[in-house]
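Here is how the chains run, residue by residue.
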Amino acid sequence: MMKKKSISSSKASLVLFLCQMISALDVPLDSKLLEELSQPPTITQQSPKDYIVDPRENIVIQCEAKGKPPPSFSWTRNGTHFDIDKDAQVTMKPNSGTLVINIMNGGKAEAYEGVYQCTARNERGAAISNNIVIRPSRSPLWTKEKLEPNQVREGDSLVLHCRPPVGLPPPIIFWMDNAFQRLPQSERVSQGLNGDLYFSNVQPEDTREDYICYARFNHTQTIQQKQPISVKVFSTKPVTERQPILLTPTGSTSTKVELRGNVLLLECIAAGLPTPVIRWIKEGGELPANRTFFENFKKTLKIIDVSEADSGNYKCIARNILGSAHHVISVTVKAAPYWITAPRNLVLSPGEDGTLICRANGNPKPNISWLANGVPIAIAPEDPSRKVDGDTIIFSHVQERSSAVYQCNASNEYGYLLANAFVNILAEPPRILTPANKLYQVIADSPALLDCAYFGSPKPEIEWFKGVKGSILRGNEYVFHDNGTLEIPVAQKDSAGTYTCVARNELGKIQNEVQLEVKDPTMIIKQPEYKVIQRYGQVSFECIIKHDSTLLPTVTWLKDNDELPDDERFLIGKDNLTIMNVTDKDDGTYTCIVNTTLDSVSASAVLTVVAAPPTPAIIYARPNPPFDLELTGQLERSVELSWIPGDENNSPITNFVIEYEDGLHEPGVWHYQTEVPGTQTTVQLKLSPYVNYSFRVIAVNEIGRSQPSEPSEQYLTKSANPDENPSNVQGIGSEPDNLVITWESLKGFQSNGPGLQYKVSWRQKDVDDEWTSVIVANVSKYIVSGTPTFVPYEIKVQALNDLGYAPEPSEVIGHSGEDLPMVAPGNVQVHVINSTLAKVHWDPVPLKTVRGHLQGYKVYYWKVQSLSRRSKRHVEKKILTFRGNKTFGMLPGLEPYSSYKLNVRVVNGKGEGPASPDKVFKTPEGVPSSPSFLKITNPTLNSLTLEWGLPTHPNGVLTSYILKFQPINNTHELGPLVEIRIPANESSLILKNLNYSTRYKFYFNAQTSVGSGSQITEEAVTIMDEVQPLYPRIRNVTTAAAETYANISWEYEGPDHANFYVEYGVAGSKEDWKKEIVNGSRSFFVLKGLTPGTAYKVRVGAEGLSGFRSSEDVFETGPAMASRQVDIATQGWFIGLMCAVALLILILLIVCFIRRNKGGKYPVKEKEDAHADPEIQPMKEDDGTFGEYSDAEDHKPLKKGSRTPSDRTVKKEDSDDSLVDYGEGVNGQFNEDGSFIGQYSGKKEKEPAEGNESSEAPSPVNAMNSFV
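Structural notes, computed from the coordinates. One numbering rule holds for all chains: residues counted from 1, following each sequence as written. Only residues with pLDDT of at least 70 are given local features in this predicted model, and only at 80 or more are side-chain atom pairs given and counted; all residues enter the totals for whole chains, interfaces and linings. Side-chain numbers here rest on the full set of heavy atoms in the structure, without hydrogens or water.

**Quick notes on the sheet that holds strand β26 (residues 300-303)**
Then step 1. Only when DSSP finds a minimum of two bridges between them are two strands counted as paired. A run of DSSP states H or I qualifies as a helix once it reaches four residues; a run of E qualifies as a strand once it reaches two. Both are numbered from the N-terminal end. Read across the open sheet, the three strands follow the order β22-β26-β25; overall the sheet is antiparallel. Taken across any chain shown, the strands that pair with only one partner, and hence form the sheet edges, are β22 (264-267) and β25 (292-295). Averaged over neighbouring strand pairs, the angle between their axes works out to 20° when direction is ignored.
Then step 2. Sheet analysis places β22 next to β26, joined by four bridges and oriented antiparallel. Within the sheet, the bridge partner assigned to Leu266 lies in β26 and is Leu301. Axes here mean lines fitted to C-alpha atoms, for a helix over just the part in contact, with angles spanning 0 to 180 degrees between N-to-C directions.

**Let's talk about the sheet that holds strand β79 (residues 934-937)**
Then step 1. On the basis of which strands lie adjacent, the open sheet formed by three strands has the order β79-β80-β83 and antiparallel pairing. In this open sheet, the two edge strands, each paired with only one partner strand, are β79 and β83 (988-991). On average, each strand axis in the sheet is inclined to that of its neighbour by 20°, with strand direction left out of account.
Then step 2. Bridging between strand β80 (residues 944-948) and β83 involves four bridges; their strand directions are antiparallel. Within β83, the residue paired with Glu947 across the bridge is Ser988.

**Focus on unusual backbone geometry**
Then step 1. A cis amide bond links Thr248 with the next residue in sequence, Pro249, at an omega value of -5°.
Then step 2. Relative to the elements of secondary structure, Pro249 occurs in the loop between β20 (242-248) and β21 (253-259).
Then step 3. With omega at 5°, the peptide bond leading from Leu273 into Pro274 counts as cis.
Then step 4. Tracing the backbone through its elements, the reader meets Pro274 in the loop between β23 (269-273) and β24 (277-282).
Then step 5. Positive phi outside glycine occurs at Asn561, with the angle close to 60°.
Then step 6. In this fold, Asn561 is placed in the loop between β51 (554-559) and β52 (562-563).

Spelled out as structure tokens, the structure:
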């Protein structure tokens, strides 16, 4: 609604607003004048649009209005006249339109539901209130339901549903236990926005039988409660960890609509073990700073005061160590109508022109409609001076009969705004409201302001004269204000006298006289001086003043800016202050203050108390802070600052630093402004618009900086258009069909005024197109949707505020979003340079098909197979990136004698384009790697047996092996070298005719047609006699592989106590063998931590036996698959065990029943009566209690107090042959109205056992009302 000012109701308050047109009148708030002027009605108070009332109390619908003459009131209900005289329950307050509907004496609130509207009317028009919707509050009872206990496995998720009754307004939900204690909540357990209680994973401590949901209806001060919910957590070992899944909201996406200005609440609650952590992001943007809050352990995202800029996709991500889950909520911010320009009251004179403007915004755009005196303007009485033009009513040459109250209604599907604005046509002769012969007194050389408050219609002209017959005042020495005030900027003695104010319009003329007296200023002609006094001495400060003889001065002394101590040692004379018997606590600053009714002056001096006569000593220190800061010459963009320097403290002041504070944008933060030489005590400061300046000065000498001075008075500069536009404007698309325009926002006072916004404009470059513009709030990003893919745009961002626009901004070039390239490079050619290097060529793609910034080309290449052996199991693709518009590249690191494939793709900022057709090329042969192993076995007197393995990388077709060997003597000298060529198909050789007991060194390598590969070396010794040693050997190495492990077994022949090890690695890999030590002399080992679906090589060796290992074996682990769990329930041993347990239990039960059947009657019925639900009593088989049993030999009842306690243990004093009472464990039941009944036995050790009496506890509803 329109904002209003108010004054005391005892003065017949009236507020008339100045319209947008200069010709409109402003009525002063003068109580006498307001009582005399006629005015149309104005609604001053009304009930809210949506008015929820307490059905137990009287309904008061407010409607207050003012006007001259006082308005009369009438009401409509549901669009028709509401005759209150015909309803005895309805009355209207005297001199008011407020309705009182009597509910407490027989009326029913439901009978008065409806839409009410008040009309206030007098002879000058009719004002109407909003539509007031009356609805009684409702707090319905909880729907009765049977709740089953919840059996939950440890680690699983759980949701306890509250499902509160639908009330008006909706209730507040909370969870408590039977002891009225709130249930603790955490990241694991929390309450959702719908009131349900969510467990991300349950733990054993969650087992309890009193989860109770409460609904509090604040309007009626009532609390309803749900029946307790039981949760029992059973454990399974081990507890299975689970990755997150979302409990709420469900699915992968959802939508939400919120209204502008409201609070946006988004919620994500996830299940998982460990407990997931929730994180929120906004896709394509950032969460708004200073308006974003996280609640409920970050499960709830809260954004206050939302606007259209907050629309977008919000993603919540739930994550734990096992993975993550996410949900995207698409938020759309709509807006109920809100005012841009609300209509203001118009006061016009006959014959004048004026306008009423009503402008509102919203989403969707609101519809504007006008009413005149509460009637749609289309059917209202015609007024020739009135013309309606959309959101504006134009008045031309108005007459007094044109007075009326106009209503502007702005509405859309989300609400409406209604504003009353009257047009009051007044014809009034001039009136001067300033009292006659009012006396003004000022001090010489200071400004004098002489008032002449006036009113008239048409607006009077004001003239000033000095003296009774003086001439009209003109010239630069006077300032004439629009409100009639005469200002004399520098009043002198000769300015004193009588001044006459004359007000005239076409209806008359009136004048008024005022008096001005100019007084001499008060001065201190003898100021107190700095004193140094010995302790226990006497000191005196002088303060001699001169003042105007007509003014009465008062002199006050202060110590350290506070009152003097209440001590008889302080003597105040006419012109001095004397301190007797000075002590150390008298040390300080003493100030003499002289006050008159018109001015005030002061002077200070410091008293230093010393123990001995002061000795002259030069003390160098930082200067004292400057003081007496004064602002003069205030202009819109500059001001002059002056100050008085503090004491230099024996080190000359070199410069002054001036700092400023902006109390409007950054209160409490001081910024550097400028600095001046130490000889200067005034400075002209440049200012910015719309800044509330305060200044302070810091003196600097060689010792350091002084403390800052006290701040100057504040100076608020006027608002102005922004001087500059945002910087760093960029346009980069985030999607193929959008353009994201970003900029750096203006900082603080750069706005130059309130209402900082930005005008964002764009148009496609090199296209004859008009600029498209939008005005956005103080943000730093705007997204243009529906753009062509990757086209250049001209972009500019212009700042504006409530006063206007900044200078025209410069244009920048941006591009809309990129899309993946459309075509692949063509004419791909490969030139093989050698066995490990190739060069690839391609034709560039047309730039138009790149659809983005060309970043380069990517070459994907991979080995298809080795030409010397079977293909690899896993194909590893390699990628090389060539930047820019390059059309060739080198492929290094290729493997010889292999077949390769490659393709080429173009790359832009969005990603990669399609691949070119695969190109096949082959590398020539190369030299092989060294043989995979060389073993020397079976030494004899003159022979050795050599065994070897194929090279890991043949790199071609092997042609032969080259073996070289030579003897080594005891001094490690090498003998002659012998070379033998061995056919490529051999894998062992027996060397004969060797020397006995001789060490030989062997060099072994393979050859292809290209040349010899790297060699492997080994040493061995022939034996010195024919005694055959026990040569160890390992054979028959076998493997049994699973997904991630393999069982390795072998046979060993040789000396006892051999220590074995297992070596393994990925087959075909160049990586070093991994080694695992086998504990003891076992002939098996389990390799763990293997990768599924991978080929491995393995061999077994013995520690301490140089070079002794088994031959290699190759195996492959199984493929990765879902974890396989053995269903224990299908195992034979488990079924047999369960049958045995069942048989044992059956035997025990038979024995128990045989012993029980000896007879006897047990009063179990008492237990059933004491514990059963009143609504289903008596319970037999359904509730698990026992009936009565009889014993032919013994009819004695159970002893008093023999009932089983609530913890299900049998007390020692209980009857040994009684049955244990297993109750449901719920301590209380509920009536249909939701209140407590029953007993709280969980806290009692014993319960009465006689008769059917109930031990009910008092209902705790009152306690709940006071607790919550």
